[in-house]
Amino acid sequence: MAYLAPPIVSVYLLGVLWRRANATGAAASFAVGYTLGFGRMAGEVWCKLHPPRPGSAADALFVRLHFLYAGLLLCLACLATHAAVSWAAQGADGGEGRAVDETLLAKCSCGGEGGRRAAPAPKDPAPTEWLPASLPDETHHAGGKAGDEPRGVELGGVGGGGG
């Protein structure tokens, strides 16, 4: 799992945090990330079945390098790939770096030109339309007579019954 998650994490992070990240960079990041991740997994299986010579590159990469460090390096490689390819692809799409096609946005129902517009929200009633003209004295307890208590409240002990 540590070898398959870094491409997803890098695409999500750059997609959320960097406005110029685009689909071309995401596809390249997935391709590089999954190739390196599956390569690392295959290398680990191979080195378990056929242990490499101590001190060799295979020993360093597949046996001694902890899987969390390998996942971090893989995530950094995916981030770099996504950023580089997105940056290079900006020249091909006019330098705007937009992931959403303007014609698609125009057809959307969220208010683009030529698209359907959402119905306006209903007008909130003015306070005088829903408030009573005056509050009855029974419900106003702040200035009530001594001994007046709100209705529905018992003053007895817990469980009532008193006795």
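Computed from a prediction, not measured in an experiment: that's the story for all the values here.

Caption draft 1: Structural detail: the overall build of the protein chain. In terms of helices and strands, the protein chain carries six helices and zero strands. The helix and strand sequence of the protein chain, counted from the amino end, reads α-α-α-α-α-α. A burial count over the protein chain gives 20% of its 163 residues as buried. Long-range contacts, defined here as pairs at least 24 residues apart, represent 62% of the contacts in the protein chain between residues at least 6 apart. When the accessible surface of the protein chain is totalled, it reaches about 12,400 Å², and 65% of it is carbon and sulfur.

Caption draft 2: Just the pattern of salt bridges, in detail. This structure, assessed with the given rule, holds two salt bridges. When the shortest N-O distance is used, the salt bridge between Asp59 and Arg64 registers 3.0 Å.

Caption draft 3: The packing of helix H2 (residues 23-49) against helix H3 (residues 57-64), seen in detail. Contact pair H2 / H3: the axes reach a minimum separation of 9 Å and the direction vectors enclose 105°. On the basis of their axis angle, the class for H2 and H3 is roughly perpendicular. Residues Gly39, Arg40, Gly43, Glu44 and Cys47 of H2 touch H3, and the partners they reach there are Ala58, Leu61, Phe62 and Val63. Split into classes, the residues belonging to the contact of H2 with H3 amount to five nonpolar, two polar and two charged.

Caption draft 4: Here's a closer look at the environment of Val63. When you line up the elements, Val63 lands in helix H3. Spatially, the C-alpha atom of Val63 lies 9.0 Å from that of Gly43, the residues being 20 residues apart in sequence.

Caption draft 5: Just helix H1 (residues 5-17), in detail. A rise of 1.5 Å per residue sets the reference length of H1, with its 13 residues, at 18 Å; its end C-alpha atoms lie 18 Å apart and thus fit the reference within 8%. Every buried residue of H1 is listed here: Pro6, Pro7, Ser10, Val11 and Leu14. One side of H1 holds all its buried residues, which, seen down the axis, span an arc of 130°. Opposite the buried face of H1, at more than 90 degrees from it, the exposed residues are Tyr12, Gly15, Val16 and Leu17.

Caption draft 6: The packing of H1 against H2, seen in detail. Orientation of H1 relative to H2, taken along the N-to-C sense of each, is 160°, at an axis distance of 8 Å. Judged by the inter-axis angle, H1 sits roughly antiparallel to H2. Taken as a pair, H1 and H2 cross one another with a handedness that is right-handed. Every residue of H2 that contacts H1 at Pro7, Ile8, Ser10 and Val11 is listed here: Ala26, Ser29, Phe30, Gly33 and Tyr34.

Caption draft 7: Representation of the side chain of His82 within the structure. Topologically, His82 is positioned in helix H4 (residues 67-90). Given a relative accessible area of 2%, His82 falls into the buried group. What His82 contacts, discounting residues up to four positions off in sequence, is Ser10, Val11, Leu14, Ala21, Asn22, Gly25, Ala26 and Ser29.

The rules behind these values
Along each chain, the written sequence defines residue order, and numbers are assigned to residues from 1. Totals for whole chains, interfaces and linings use all residues, but because this is a predicted model, local features are given only for residues with pLDDT of at least 70 and pairs of side-chain atoms are given and counted only at 80 or more. Working from all heavy atoms in the structure, the side-chain values ignore hydrogens and water. Counting from the N terminus, the helices are DSSP H or I runs at least four residues long and the strands are E runs at least two residues long. Classification of residues uses two cut-offs on accessible area relative to the type maximum, computed with a 1.4 Å probe and protein chains only: under 20% is buried, over 50% is exposed, and between them is partly exposed. For this analysis, residues touch if any pair of their heavy atoms sits within 4.5 Å. Calculation of accessible area relied on Shrake-Rupley with a 1.4 Å probe; when residues are assessed, cover is drawn exclusively from the protein chains displayed. Take a side-chain nitrogen of Lys or Arg and a carboxyl oxygen of Asp or Glu: if they are within 4 Å of each other, that pair is a salt bridge. The axes used here are C-alpha line fits, helices contributing only the stretch in contact, and every angle between their N-to-C directions lies in the interval 0 to 180 degrees. Note that the term roughly parallel is reserved for angles under 35 degrees, roughly antiparallel for angles over 145, roughly perpendicular for angles of 65 to 115, and oblique for everything else. Residue type decides the class: Asp, Glu, Lys and Arg count as charged, Ala, Val, Leu, Ile, Met, Phe, Trp, Tyr, Cys and Pro as nonpolar, and the leftover types, Gly among them, as polar. In this analysis, the expected span of each helix is defined as 1.5 Å times one less than the number of residues it contains. By construction, the arc corresponds to the directions joining the helix axis to the C-beta atoms. Two helices that cross are described as forming a left-handed crossing if the nearer one is turned anticlockwise from the farther one by less than a right angle, and a right-handed crossing if clockwise.

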